[in-house]
Amino acid sequence: FPCVEVEVKDGKELLALIRLATKLRATAATGVHDQSSRSHAICRIFVEGGPGVAEGCLTLVDLAGSEHRIDSSENNADRRKEGAKINASLASL
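Residues numbered from 1 in each chain as written. Predicted model: local features only at pLDDT ≥ 70, side-chain atom pairs only at ≥ 80, totals over all residues. Heavy atoms only, no water.

### A few points about the overall build of the protein
Applied cut-off: Secondary structure follows DSSP: runs of H or I at least 4 residues long count as helices, runs of E at least 2 residues long count as strands, and numbering of each begins at the N terminus. By definition, residues are in contact when any of their heavy atoms lie within 4.5 Å. Exposure was quantified through the Shrake-Rupley algorithm and a 1.4 Å probe, taking into account, for residues, occlusion by the shown protein chains and nothing else.
Helix and strand content of the protein: three helices and four strands. Long-range pairs, those at least 24 residues apart, make up 41% of the contacts in the protein between residues at least 6 apart in sequence. Accessible area of the protein: about 7500 Å², with a carbon and sulfur share of 56%.

Here it is in structure tokens:
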């Protein structure tokens, strides 16, 4: 999915947006976990201040599960290829 910027008015809207984004995450069973995240997620929260009020930015990062050799023997070829791509992207980060 591409990066998108969504304006929210309050904490309730922010939580609803995070819940929606969580549902869009790719997950799959691995030899280690029943539901391992198979995609990275980044959430940047910008807080705008009014006159005399500070502004800020909070960045939350959830990286896909790193695959270990112990896990790879229990997965099919597609899952092993996916794990290799995840590991390559983790190295890039």
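### Here's the deal with a nonpolar patch on the surface
Condition: Patch building starts from residues that exceed 30% relative accessible area and form no salt bridge, then joins like charges within 9 Å and nonpolar side chains (Val, Leu, Ile, Met, Phe, Trp, Tyr) within 5 Å. Each reported salt bridge corresponds to a side-chain nitrogen of Lys or Arg within 4 Å of a carboxyl oxygen of Asp or Glu.
A contiguous nonpolar surface patch, about 290 Å² in accessible area, is contributed by I42, V61 and L63. Tracing the chain through its elements places V61 in strand β4 (residues 56-62).

### Things to note about helix α1 (residues 11-24)
For clarity, the cut-off: Between the first and last residue of a helix there are one fewer steps than residues, each counted as 1.5 Å, and that sum is the expected span. In protein, a polar contact means a hydrogen-donor-capable atom and an acceptor-capable atom, both N or O and within 3.5 Å, with residues adjacent in sequence counting only if both atoms are side-chain atoms; elsewhere, any N or O pair within 3.5 Å suffices.
With 14 residues, α1 ought to run about 20 Å at 1.5 Å a step, and its terminal C-alpha atoms sit 20 Å apart, in line with that. Structurally, the start of α1 carries an N-cap: the backbone nitrogen of K12 is 3.2 Å from a side-chain oxygen of D10.

### Quick notes on the environment of S89
What counts here: To sort residues, take the accessible area from a 1.4 Å probe on protein chains only and compare it with the maximum for the residue type: under 20% means buried, over 50% means exposed, and anything in between is partly exposed.
Relative to the elements of secondary structure, S89 occurs in helix α3 (residues 77-92). Among the residues examined, S89 registers a relative accessible area of 24% and is labelled partly exposed. For the pair formed by S89 and A64, sequence separation is 25 residues and the distance between their alpha carbons is 9.4 Å.

### Examining the confidence of the model for the protein
Inclusion rule: In predicted models, pLDDT denotes the confidence assigned by the predictor to each residue on a 0 to 100 scale.
Scored by pLDDT, the protein has a mean of 75; 63% of the residues are at 70 or more. Mean pLDDT across the elements of the protein bottoms out in helix α2 (residues 69-72) (51) and peaks in α1 (89).

### Concerning the pattern of salt bridges
Within this structure, the stated rule accounts for one salt bridge. K9 is paired through a salt bridge with E7; the nearest N and O atoms lie 3.4 Å apart. Residue class for K9 comes out exposed when judged on its relative accessible area of 65%.

### Thoughts on the state of the cysteines
The line we're drawing: Any pair of cysteine sulfurs within 2.5 Å is marked as a disulfide.
Applying the stated criterion to the full structure yields zero disulfides. Unpaired in terms of disulfides, C43 finds its nearest cysteine sulfur in C57, a separation of 9.4 Å. Note on C43: relative accessible area 22%, which makes it partly exposed.

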